[in-house]
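One-letter residues, chain by chain:
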Amino acid sequence: MKDTYCKAMDAVYWLCIWIAGLAMVVMTLVIPVQVVARKWFDSGLSWPEPMALMCMIIFTFVGSAAAYRAGSHIAVTMLTDRLPPQGKYIFARIVDLLMALVALFVIVYGTDRVLFFMETGQTLADFTQIQVSWTYLPLPIGSAATLLFIIESFFFGSQQHRPIVMIGSHGGSAEDSTN
């Protein structure tokens, strides 16, 4: 069961990284288009800024799921670093439960927003062919991926030592990353 779930989460993790990376690349390419249009053509385009904003939303919510699994998120460990191993384990489970509550909230809220804007049929001002509901879709999707990673962490412990998560890490061995 553990191996099957963790391998499935490896696929979700890989997908999150690629989606977040692609969003970052698109955003990085779109912003200079606006700068060039304003600077050299004296004409601001209407689409680069909303496109960059949508990419940032995707990057934030989908990328944060991957960051959570990799242990690359912001964590204040001043207190937990001073606890014995059993205390660290208990606090880690409490954090998992609290994070699950946050993820569930964002899933429910994000899904509500997606459904609301699907019903209204409202479109983006600069992209009249794109419904507003699409801009809210990364919230429940990224939070669902985060929740899957939280479940994995709760039942099987931190996965930041897995080879797929270690790709691109700087220095240290697998043992160093779990301490």
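The structure under discussion appears in the preceding block.
Every chain is numbered independently, its residues counted from 1 as its sequence is written. For a predicted model such as this one, the threshold for reporting local features is a pLDDT of at least 70, and the threshold for listing and counting side-chain atom pairs is 80 or more; totals across whole chains, interfaces and linings nevertheless cover every residue. Here the side-chain values reflect all heavy atoms present in the structure, with hydrogen atoms and water set aside.

### Some points on the packing of aromatic side chains
Then step 1. Two aromatic rings from Phe, Tyr or Trp, using only the six-membered ring of Trp, form a pair when their centres are within 6.5 Å; if the ring planes differ by under 30 degrees the pair is stacked, by over 60 it is edge-to-face, and anything between is tilted. On inspection of all chains with the given rule, the structure shows 8 aromatic pairs.
Then step 2. Geometrically, the ring pair formed by Phe154 and Phe155 is edge-to-face, given 5.1 Å between the ring centres and 85° between the ring planes.
Then step 3. Exposure remark for Phe154: the relative accessible area of 28% places this residue in the partly exposed category.
Then step 4. Between the aromatic rings of Phe155 and Phe156, the centroid separation amounts to 6.5 Å while the plane-to-plane angle is 55°, which identifies the pairing as tilted.
Then step 5. To sort residues, take the accessible area from a 1.4 Å probe on protein chains only and compare it with the maximum for the residue type: under 20% means buried, over 50% means exposed, and anything in between is partly exposed. According to the relative accessible area criterion, Phe156 is partly exposed, its value standing at 23%.
Then step 6. Pairwise contacts between aromatic rings join Tyr5, Phe154, Phe155 and Phe156 into one cluster.
Then step 7. In this analysis the charged atom, NZ for Lys or CZ for Arg, is taken to sit over a ring once it is within 6 Å of the ring centre and within 35 degrees of the ring normal. A cation sits over an aromatic face here: Arg93 above Tyr89, 4.8 Å from the ring centre.

### A look at the nonpolar core
Then step 1. Definition used in this section: a nonpolar core is a set of buried Ala, Val, Leu, Ile, Met, Phe, Trp, Tyr and Cys residues joined via side-chain atoms within 4.5 Å. In this structure, Tyr13, Cys16 and Phe149 are the most contacted members of the largest nonpolar core, which totals 18 residues.
Then step 2. Elements with a contribution of two residues or more to this core: α1 (2-41), α2 (48-70), α3 (85-120), α5 (138-156) and α6 (163-166).
Then step 3. Here the element with the most residues in this core is α2; it accounts for 5 residues.
Then step 4. Other than its neighbours up to four places away in sequence, Cys16 contacts Val62, Ala65, Ala66, Ala145 and Phe149.
Then step 5. Judged by nonpolar contacts, the second largest core, of 5 residues, contains Met54, Leu124, Phe127 and Val132. Numbering goes from the N terminus for both helices and strands, where a helix is a DSSP run of H or I of at least four residues and a strand is a run of E of at least two. Whether two residues are in contact is decided by their heavy atoms, any of which lying within 4.5 Å being enough.

### Notes on the pattern of salt bridges
Opposite charge on two side chains permits them to pair, given that their charged atoms come into close proximity.
Then step 1. We define a salt bridge as a contact between a side-chain nitrogen of Lys or Arg and a carboxyl oxygen of Asp or Glu at a distance within 4 Å. All told, the structure shown has 5 salt bridges when counted by the stated rule.
Then step 2. The salt bridge involving Glu49 is made with Arg38; its shortest N-O contact spans 3.0 Å. Of this pair, Glu49 sits in helix α2 while Arg38 sits in helix α1, and the two are 11 residues apart along the sequence.
Then step 3. Residues Arg93 and Asp96 are paired through a salt bridge, measuring 2.8 Å at the closest nitrogen-oxygen approach. Taken together, the positions of Arg93 and Asp96, both in helix α3 and 3 residues apart, correspond to about one turn of that helix.
Then step 4. Classification of Arg93 by relative accessible area gives buried; the value is 13%.
Then step 5. For Asp96, a relative accessible area of 3% corresponds to the buried category.
Then step 6. Beyond isolated ion pairs, a larger network of salt bridges with shared partners links Asp10, Arg69 and Glu152.

These values are about where atoms sit, not about what they do.
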